[in-house]
Amino acid sequence: MMLDAFAQDVIKGLTAENKFLSSKYFYDDNGSRIFQEIMNMPDYYLTDAEFEILSLQSGKIIDALKFSGPFNIVELGAGDGFKTFKLLEYLVTKEIDFYYVPIDISQEAIDVLNKNLKDRLPSLKIKPKVGDYFEILKDNRKSKYPSLLLFLGSNIGNYPDQKSNELLNLLNKNMKSGDKLLIGFDLKKNPITIHNAYFDKYGITKRFNLNLLLRMNKELGADFKIDDFDFYCHYNPLTGDVKSYIVSLRKQIVNIEALKIKVDFEYNELIWTELSRKFAIKDINDMAIQSNFKLNHNFLDCKHYFTDSLWEK
Ligand code: AVI
């Protein structure tokens, strides 16, 4: 039996003593749509904060790149491109010569983005890509132009310390000397603000998590009964970690047909689904140094909730 990465990770995560599943599996087409809903919630302040940075400081960001000729903007995990639009609009209005290369794992997200941008910025030169970041980045290294990589939205916060270090080092290896990385970090702040962004009162983040169960039902022939599970999350202001969980509301057995396994759940047993780290400015400096970048500048929003940090290889 040939199992794909999702199937293998489900076996590993659901047969572990403390069950876990990676949040990277949230983003099938349905999950990507729910994530758009999250980003539209006022309580999920990250989107507004980063939108403000890119709306008000695009000129400063572009000046700080110090690119003298045409360049590429390669966006990792572009989603619907809502925030990036402001940066792209600035560049198009100023008639600056660049290519926009959005990358996402969701074909649907890329199709929507491509169509929106063609409608709203017809003169934009866009080369959308669906697939693995690093394969595409390897290709981009061959470009004769310098590149600005965008890794926005505090996506880096979804990786544990060591993994984020590995990822940043890998990004660095796939960049040319002088290339830049604009990377979003959600900053530590009043814990209540963070709590409300993740434990939202509309239940959207709950649906986002439970979509993992639906995905296993759809793709692996599992028989999860969604109403028998709930969602819990917790922010620890000392570590800066938000941890999210699916909670089994009953003692129950779930059959996963395609994997030929049965998974036992105790009453209130958890599946850990996501880590969303929050950072201090000092953490960001340390991370840049550890992954061989030079930190050029932090672009913060007016409330100092978020930074888009510009790093140079
Ligand atoms: C994609 N990522 C940065 C989001 C976050 O804030 O960790 C995913 C998310 N999870 C719950 N709400 C949003």
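Anything mentioned here points back to the structure above.
About the thresholds
- Residues numbered from 1 in each chain as written.
- Predicted model: local features only at pLDDT ≥ 70, side-chain atom pairs only at ≥ 80, totals over all residues.
- Heavy atoms only, no water.
- Near = heavy atom within 4 Å.
- Polar contact = N/O pair within 3.5 Å; in protein donor to acceptor, adjacent residues only side chain to side chain.
- Nonpolar A, V, L, I, M, F, W, Y, C, P; charged D, E, K, R; others polar.
- Salt bridge = Lys/Arg side-chain N within 4 Å of Asp/Glu carboxyl O.
- Helix = DSSP H or I, 4+ residues; strand = E, 2+ residues; numbered from the N terminus.
- Buried < 20%, exposed > 50% of the residue type's maximum accessible area, 1.4 Å probe, protein only.
- Axes fitted to C-alpha atoms, helices over the stretch in contact; angles between N-to-C directions.
- Parallel < 35°, antiparallel > 145°, perpendicular 65-115°, else oblique.
- Contact = heavy atoms within 4.5 Å.
- Pairing = 2+ DSSP bridges.

Turning our attention to the site of the ligand. The environment of the ligand is formed by 13 residues, the closest being Y44, N158, Y198, E274 and S276. Between the ligand and Y198, the relevant distance is 2.5 Å, taken from an oxygen atom to a side-chain nitrogen or oxygen of the residue. Here the shell around the ligand is built from residues that sort into six nonpolar, six polar and one charged.

Within the structure shown, the criterion is met by 18 salt bridges. Linking K218 and D28 is a salt bridge whose minimum nitrogen-to-oxygen distance equals 3.9 Å. On the criterion of sequence distance, the pair formed by K218 in helix α10 (residues 204-220) and D28 in the loop between α1 (5-14) and α2 (29-39) is long-range, its members being 190 residues apart. On the basis of relative accessibility, which here comes to 10%, the residue D28 falls in the buried class. D186 is the salt-bridge partner of K189, the closest N and O atoms lying 2.8 Å from each other. Like K189, the residue D186 is buried in the burial classification. Three or more residues are tied together by salt bridges with common partners; here these are D186, K189 and K278.

Packed helices, taken two at a time, are described by their axes: the angle between them and the distance between them. Orientation of α2 relative to α10, taken along the N-to-C sense of each, is 170 degrees, at an axis distance of 9 Å. On the basis of the axis angle, α2 is roughly antiparallel to α10. In this structure, α2 uses N30, G31, I34, F35, E37 and I38 to contact α10, whose residues at the interface are I204, T205, R207, F208, N211 and L214. In the contact of α2 with α10, the residues fall into six nonpolar, four polar and two charged.

Running from N to C, helix α4 (residues 58-65) and helix α5 (residues 84-93) cross one another at 70 degrees; their axes reach a closest spacing of 9 Å. One finds that α4 runs roughly perpendicular with respect to α5. Within the contact between the two elements, α4 uses S58, G59 and I62 and α5 uses K86, L87, Y90 and L91.

The subject of this paragraph is the sheet that holds strand β11 (residues 270-277). If you walk across this open sheet you meet the three strands as β7-β8-β11, and the pairing is antiparallel. The open sheet terminates on both sides in strands that have one partner only, identified here as β7 (229-236) and β11. The average undirected angle you get between the axes of adjacent strands in this sheet is 20 degrees. Pairing of strand β8 (residues 241-248) with β11 involves seven bridges; the strand directions are antiparallel. Across the sheet, S244 pairs through a bridge with E274, a residue of β11.

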